[in-house]
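# A closer look at the structure
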Amino acid sequence: MPATLNNVFLLHRRSLMWSVMRIVRDPQTAEDVAQETYLRARKALEREPIEHIEAFLHQTARNLAFDHLRRRRTRGQIEADSLGEHEILDIPADMPSLEDAIIERERLKIFLGALSGLPERVQTVIMLSRIEEWSNRKIADWLGVSERTVFNDIKLAMAHCRDVLARLDRA
């Protein structure tokens, strides 16, 4: 797996760089995007095979390049060089407040409690799917059930947890 990705990436690295360079117009950013493309492809391959690696690499690189432009544009609208120290100190931290953290911790406990009320296989399926990021096919093969069963187990777990959290929100 990685050897094939390495070979394809090295073979197409220059064309990836040029594609990205046309979008971002900065060689260092193009290099960063190319490296991020490789990392994303490697992570995707760990989950399941990629049929057309070259196309996947090029599409991922383009998406990452456009994401970079959007972030840069957004930052440009928000950031200002003329901010003084007083204005900078008034910018809220990019982290939840203590109250929000406590609320989310409580919601997580309730969510985990809701999961524990489900059959063991359903708990396993939802953990493998949402936490381990396994594909439905991989879960089905590992558990010896059909993909449809995995899909239905995920649907059951999500609906059950959504209902529990909705009741909490109404209370």
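Residue positions are given per chain, counted from 1 along the sequence in the order it is written. Two thresholds apply to this predicted model, a pLDDT of at least 70 for residue-level local features and 80 or more for giving and counting side-chain atom pairs, whereas whole-chain, interface and lining totals are computed over all residues. To obtain the side-chain values, all non-hydrogen atoms of the structure were used and water was disregarded.

### Quick notes on the confidence of the model for the chain
Going by this rule: Summary of the metric used: pLDDT quantifies the predictor's per-residue confidence within the range 0 to 100. A run of DSSP states H or I qualifies as a helix once it reaches four residues; a run of E qualifies as a strand once it reaches two. Both are numbered from the N-terminal end.
For the chain, the mean per-residue pLDDT works out to 85, and 87% of the residues sit at or above 70. Across the chain, the element-wise mean pLDDT spans from 62 in helix H4 (residues 85-89) up to 95 in helix H7 (residues 136-143).

### Let's talk about the nonpolar core
Defined as follows: Residues grouped as a nonpolar core are buried Ala, Val, Leu, Ile, Met, Phe, Trp, Tyr and Cys residues, joined through side-chain atoms within 4.5 Å. Burial classification: accessible surface area is computed with a 1.4 Å probe over protein chains only, and a residue below 20% of its type maximum counts as buried, one above 50% as exposed, and the rest as partly exposed. The contact definition used throughout considers only heavy atoms, calling two residues in contact when any of these lie within 4.5 Å.
Core analysis: the biggest nonpolar cluster contains 22 residues, and Leu-5, Phe-9, Val-20, Val-24, Ile-53 and Leu-57 have the highest contact counts within it. Elements supplying a minimum of two residues to this core: helix H1 (2-24), helix H2 (27-47) and helix H3 (53-78). Tallying contributions element by element places H1 first for this core, with 8 residues. Residues contacting Phe-9, with those up to four places away along its chain left out, are Leu-16, Ala-34, Gln-35, Tyr-38 and Leu-57. Among the nonpolar cores identified, the runner-up in size contains 14 residues, and Leu-128, Ala-140, Val-150 and Cys-161 belong to it.

### A closer look at the packing of aromatic side chains
In plain terms, the rule: Side-chain rings of Phe, Tyr and Trp, where Trp is taken by its six-membered ring, are said to pair if the distance between their centres is within 6.5 Å; with planes under 30 degrees apart they count as stacked, over 60 as edge-to-face, and otherwise as tilted. For a Lys NZ or an Arg CZ to count as sitting over a ring, it must be within 6 Å of the ring centre and within 35 degrees of the ring normal.
All chains considered together, the criterion is met by 2 aromatic pairs. Each ring, one from Trp-134 and one from Trp-142, has its centre 5.5 Å from the other, and the planes form 90°; the classification is edge-to-face. Exposure remark for Trp-134: the relative accessible area of 21% places this residue in the partly exposed category. Its end group placed over the ring of Trp-134, Lys-138 keeps NZ or CZ at 4.5 Å from the ring centre.

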